[in-house]
Amino acid sequence: MRNAVNDGVWSGTWVARRLGVELAGDEHLTDLLGMALRRNPKRAHLLVSKVLGKHVPQSPAVVHGHGLRLGERVRALLGDAEAARAVVLGYAETATGLGHSVADGLALAPYLHSTRRPVAGVTPAGGFEESHSHATSHLLLPEDPELLAGDGPLVLVDDEFSTGNTVLNTIRDLHARHPRDRYVVVALVDMRSAEDTARLDRFAAGIGARVDLVAAASGTVRLPEGVLEKGQALVAEHERADAAPGAVPGGQVRRAELDWPAGLPDGGRHGFTPAHRTRLEAALPGMAARIADALPDGSRRVLVLGFEELMYAPLRLAAELERTVPAEVRYSTTTRSPVLAVDDPGYAIRTRLAFPAHDDPADGPGERYAYNVAGAGFDTVVAVVDSAADTPALHAPDGLLARLAAHAPHVLLAVVPAHEPHHPERPAMLPEPLRGPAFSSYAPDEVGWLLQDLSSVSLEAPTEDREEAVQNGGAHYAESLPVEYQPSERYQALFHAALETSADRIARAVGVVTETVLTERGGTPVLVSLARAGTPVGVLMRRWAEQRYGVQLPHYAVSIVRGRGIDANALRWLAAHHDPRDVVFVDGWTGKGAITRELAAAIEEFERAEGVTGFDPEIAVLADPGSCVRTYGTRDDFLIPSACLNSTVSGLISRTVLRADLVGPDDFHGAKFYRELAGADVSVAFLDAVSARFPEVLGEVDTAVKELLAEDRTPTWEGWRAVERISEEYGIHDVNLVKPGVGETTRVLLRRVPWKILAQAGAGADLDHVRLLAEQRGVPVEEVDDLPYTCVGLIHPRYTRGATGADGRAVNV
């Protein structure tokens, strides 16, 4: 692979021949682009730039020069007066360095790039979605809140202008906040279709603004029918052989001190002004000299490797190094984007190094990549990261530095101080999500809990005491916890039998709801489970997306409390770390739809109080027997085994707690981690049993999703009406004491004081565990002919201590 870039074969040939994808346009288009295959549910192919310095190591002078020339063209287009009023905006992560270079060419304007790394206390000045990207949520976090508030031209820079969706999303978001009459779009290549071009023209006319385009080359991509499916099949076929060759054991890792100027931003994440550029230019020779002094004697081929969004500082250091040392210097950066590697001269990504994220990313742990580094003959790699990424994970045995040292004799680490915006009135910082194994038995990447750990607090009370206090108005159910039900051997056997018989059905429902979310929401949704019943479902949805598409969806669990609403601090954290429009709330099932209504009211109140918009209160659920939501896996009322147990099927996490003496105004809601129940924990066993069935149900899921998307899924609220009827018919007169569906009925039997169970006539094995629990608690099961649910649990309507059975007398449990 030593001369991968200069083998004389176009590096898009392999994909073009196998998929029938064609590039058409300017004669120099293939000099700028190659092609590869990506693991992405929306696009099969990836256009790989040869001059961007991301995936393909390139001369830093070539990389910086392309951006400079584009910036000079923008300055000529605008004129100096307008250029001085402009702001340049680059896109994370791929175009952060290109945008910076364009700003260098423009010379007179400040620069800002979008970011996927939130900063606590920094209020986003905007956010938007890149629908085709592996990671879609962009935040704009300028240190100066007025940076984007002017009405001068906004120059938007991306490496590839493909459909125009990202630009449209950006302009739509920012124009609503700060209208202006001129935008300039800059790209290395303009690959839009005629319809995409016309759409942008219509959009510009609709907002009354001029939108110009400046590109180094233009063309189109011709895609044959079925290219997505063919591409996914090719990825699956070749992934097993996707490995980096030629490891050289024992490479040395040393630090190279930069002496970065104090107070100089490391890049445009929070804004970079012409004055900052002047300081950087003055400091570059000295910093490059310090790297040159640290290079081993006889270095002939040196790679300066940047880090994800940190592209510009490494690029400028590499360009200065290239100018001053005799070695051949190349530049590229690590990336989040998962791409197939194929060691063929006609393919753009020859080798791939994979390693864990090392900057404590907001969306949790995940895999990161360095392409075309292994096997490229580099005798020294200079890895440049910011201080936020200089973590133990970077230095771990499986970390980036170790992976580089296996393929290069010498590795130098240079650390740039991460710029921290100055905010004198920064509000209290919310903590990062809790993760397993410190909190919950789930793997750390499966879910982040936006909760506080109350494990050391005694919160449990006998079920009867809690019921009496709740019904008499003396307490709220979220102020204490029920004593955790410990299942008998007979009940555990029922759980495992139910799991065995229902795993296929659950896997189908997981697939249907996940595919519906991916299709209708686009991009990379942020799954936010309603703790705790929603959490196993969110983990399963995340597993489906990862297994089928290689996409690692961010997943969090938050608290919502009936009558009190959703945790507003959790929403604040989500809004600071992700675009609210990407958030998809997830729950296990619907009963009568009380939580659906609770969430809608809570989101409305939050947006009114905080001024943060974009959260969609629609809930995605595994089962919607109450017909309360549009996004579901099924509307059948069937047994979901995770409803059979409490914490031992939910990562050993309790119900959430909201009590004034424990949860302050700036705290997350609380919950307990029952570490002592580890011996009875089946949480991971449940997930593994269901996800093991995913491959078997793919065909059924695809058919069901097509049918579902063609149907009218408007909620009928049939379940709510049934609950109101039952409440009156049985003299209860309180819908909160009527719990419809298998899941809710199980909860009544495990956590409340049940009065009686209504069962659909002829209901079979789905109710075996309900019948056993009812027998243990002395609760009658009454068969009903016209019940719209499989079963309904009725809480004792006039409970006083001792009234546990239908006759009001205590029974032995």
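Predicted model only: the values in this text are computed from it and were never measured.

Parameters and conventions
Residues numbered from 1 in each chain as written. Predicted model: local features only at pLDDT ≥ 70, side-chain atom pairs only at ≥ 80, totals over all residues. Heavy atoms only, no water. Salt bridge = Lys/Arg side-chain N within 4 Å of Asp/Glu carboxyl O. Helix = DSSP H or I, 4+ residues; strand = E, 2+ residues; numbered from the N terminus. Buried < 20%, exposed > 50% of the residue type's maximum accessible area, 1.4 Å probe, protein only. Polar contact = N/O pair within 3.5 Å; in protein donor to acceptor, adjacent residues only side chain to side chain. Core = buried A, V, L, I, M, F, W, Y, C linked by side-chain atoms within 4.5 Å. Phe/Tyr/Trp six-rings, centres within 6.5 Å; stacked < 30°, edge-to-face > 60°. Lys NZ or Arg CZ within 6 Å of the ring centre and 35° of its normal. Pairing = 2+ DSSP bridges. Axes fitted to C-alpha atoms, helices over the stretch in contact; angles between N-to-C directions. Contact = heavy atoms within 4.5 Å. pLDDT = per-residue confidence, 0-100. Expected span 1.5 Å × (residues − 1). Bend = angle between axes of the 7 residues up to and from the residue. Parallel < 35°, antiparallel > 145°, perpendicular 65-115°, else oblique. Nonpolar A, V, L, I, M, F, W, Y, C, P; charged D, E, K, R; others polar.

Undergrad: Would you explain the pattern of salt bridges in this entry?
TA: Note on pairing: side chains with opposite charge can pair once their charged atoms come close. Per the stated rule, a full pass over the model turns up 47 salt bridges. With a closest N to O distance of 3.0 Å, Asp190 and Arg192 form a salt bridge. Across the pair Arg543 and Asp688 runs a salt bridge, and its minimum N-O distance is 2.8 Å. Here the residue Arg543 occupies a position in helix 15 (residues 534-549), and Asp688 occupies one in helix 18 (residues 683-691), the gap between them amounting to 145 residues. The exposure class assigned to Asp688 is partly exposed, which follows from its relative accessible area of 37%. Through salt bridges with shared partners, a single network forms among Arg117, Asp266, Arg269, Glu309, Asp359 and Asp386.

Undergrad: Is there a simple way to explain the environment of Gln760 in this structure?
TA: Tracing the backbone shows Gln760 in strand 30 (residues 754-760). Here the alpha-carbon distance between Gln760 and Tyr789, two residues 29 residues apart in the chain, equals 6.9 Å. At a separation of 3.1 Å, a polar atom in the side chain of Gln760 contacts the main-chain carbonyl oxygen of Leu787.

Undergrad: Mind showing me how you'd approach the nonpolar core here?
TA: Generally speaking, soluble globular proteins have nonpolar side chains that are buried together. With 128 residues, the main nonpolar core has Leu37, Val88, Val155, Val186, Tyr347 and Leu404 as its most contacted residues. A total of 7 residues in this core trace back to one element, the largest contributor, which is strand 9 (residues 182-190). Listed in part, the 104 residues of the second largest apolar core include Leu454, Leu571, Ala671 and Val779.

Undergrad: I keep staring at the packing of aromatic side chains and nothing clicks. Help me out?
TA: Aromatic rings considered in pairs are described by the distance between their centres and by the relative angle of their planes. Within this structure, the stated rule accounts for 10 aromatic pairs. Here the aromatic rings of Tyr556 and Trp573 are separated by 5.1 Å at their centres, their planes lie at 70 degrees, and the arrangement is edge-to-face. Here Trp573 lies in helix 16 (residues 568-577) and Tyr556 lies in strand 23 (residues 555-561), a separation of 17 residues in the sequence. The residues Tyr556 and Trp573 share a single accessibility class, namely buried. Plain terms: the ring middles of Phe585 and Phe615 are 6.3 Å apart, the flat faces sit at 40 degrees to each other, and that makes the pair tilted. Linking Phe585 in strand 25 (residues 583-589) with Phe615 in the loop between helix 17 (594-610) and strand 26 (619-623), this pair joins segments that are 30 residues apart in sequence. The burial state of Phe585 is the same as that of Phe615; both residues are buried. One aromatic cluster is present, built from ring pairs that chain together Phe439, Tyr442, Trp449 and Phe673. Directly above the aromatic system of Trp717 lies the positively charged group of Arg597, at a separation of 4.4 Å from the ring centroid. Against the face of Trp755 rests Lys756, its NZ or CZ located 4.7 Å from the ring centre.

Undergrad: What am I meant to see in the sheet that holds strand 10 (residues 210-222) here?
TA: Note: strands within a sheet are paired through backbone hydrogen bonds, in either parallel or antiparallel orientation. Taking strand neighbours across the sheet as the criterion, the 6 strands line up as 1-10-9-8-4-5 in an open arrangement whose pairing is mixed. Each edge of the open sheet carries a strand with a single partner, namely strand 1 (22-25) and strand 5 (111-113). Sheet twist, expressed as the average angle between the axes of neighbouring strands with direction ignored, equals 30 degrees. Sheet topology note: the strand 4 (residues 87-90)/strand 8 (residues 154-161) ladder contains 4 bridges and is parallel. In the strand pairing of strand 8, Val88 is matched with Val155. On top of the sheet, helix 6 (residues 165-177) reaches strand 4, strand 8 and strand 9; it is set at about 160 degrees to strand 8, its chief contact.

Undergrad: How should the pairing of strand 32 (residues 791-795) be read in this particular structure?
TA: In regular strands, side chains alternate between the two faces of the sheet. Taken across its 5 residues, strand 32 has 5 buried, putting it largely inside the fold. Side-chain alternation along strand 32 places Cys791, Gly793 and Ile795 on one buried face and Val792 and Leu794 on a second face that is also buried. Looking at chain direction, strand 29 (residues 738-740) and strand 32 are connected through 3 bridges and run antiparallel. Across the sheet, the residue bridging to Pro740 is Val792, located in strand 32. Relative to strand 32, strand 30 runs antiparallel, the two sharing 5 bridges. The partner of Lys756 across the bridge, within strand 32, is Leu794.

Undergrad: Any chance you could explain the confidence of the model for the protein chain here in plain terms?
TA: In regions of low pLDDT, the predicted coordinates are not meant to be interpreted in detail. Averaged over the protein chain, the pLDDT score is 85; the fraction of residues at 70 or greater is 89%. Of the regions scoring below 50 in pLDDT, residues 2-6 engages in 8 contacts with residues more than four places distant in sequence or in other chains. Here residues 469-475 scores under 50 on pLDDT; set against residues more than four positions off or in separate chains, the count is 12 contacts.

Undergrad: Please clarify how helix 19 (residues 694-710) should be interpreted in this entry.
TA: Residue pairs three or four apart in sequence face the same way in an α-helix, which turns once every 3.6 residues. Between its first and last C-alpha atoms helix 19 spans 23 Å; for 17 residues at 1.5 Å apiece the expected length is 24 Å, and the two agree. The largest bend along helix 19 measures about 35 degrees and falls at Glu700. Taken together, the buried positions of helix 19 are Phe694, Val697, Val701, Val705 and Leu708. Against the buried residues of helix 19 lie helix 14 (489-521), helix 15, strand 27 (631-634) and helix 18.

Undergrad: I would appreciate a short explanation of the sheet that holds strand 11 (residues 252-255) in the present structure.
TA: Across the sheet, which stays open at both edges, the 5 strands sit in the order 11-17-16-12-13 with parallel pairing between neighbours. Edge positions in the sheet fall to strand 11 and strand 13 (328-333), since each of these pairs with one other strand and no more. Strand-to-strand twist in this sheet, taken as the mean axis angle between neighbours without regard to direction, amounts to 20 degrees. Alignment of strand 11 against strand 17 (residues 410-416), held across 4 bridges, turns out to be parallel. Considered in strand 17, the bridge of Arg254 is made with Leu412.

Undergrad: Whenever I open this one, the environment of Ser647 confuses me. Can you help?
TA: When you line up the elements, Ser647 lands in the loop between strand 27 and strand 28 (670-671). Spatially, the C-alpha atom of Ser647 lies 8.5 Å from that of Arg532, the residues being 115 residues apart in sequence.

Undergrad: In this structure, what is going on with the packing of helix 15 against helix 19? I would like to understand it.
TA: For any two helices packed against each other, one specifies the inter-axial angle together with the distance between the axes. Orientation of helix 15 relative to helix 19, taken along the N-to-C sense of each, is 90 degrees, at an axis distance of 12 Å. Between helix 15 and helix 19, the crossing angle belongs to the class labelled roughly perpendicular. On helix 19, the residues that touch Leu540, Arg543, Trp544, Gln547 and Arg548 of helix 15 are Phe694, Val697, Leu698, Val701 and Asp702. Here the residues of the contact of helix 15 with helix 19 are counted per class, giving 6 nonpolar, 1 polar and 3 charged.

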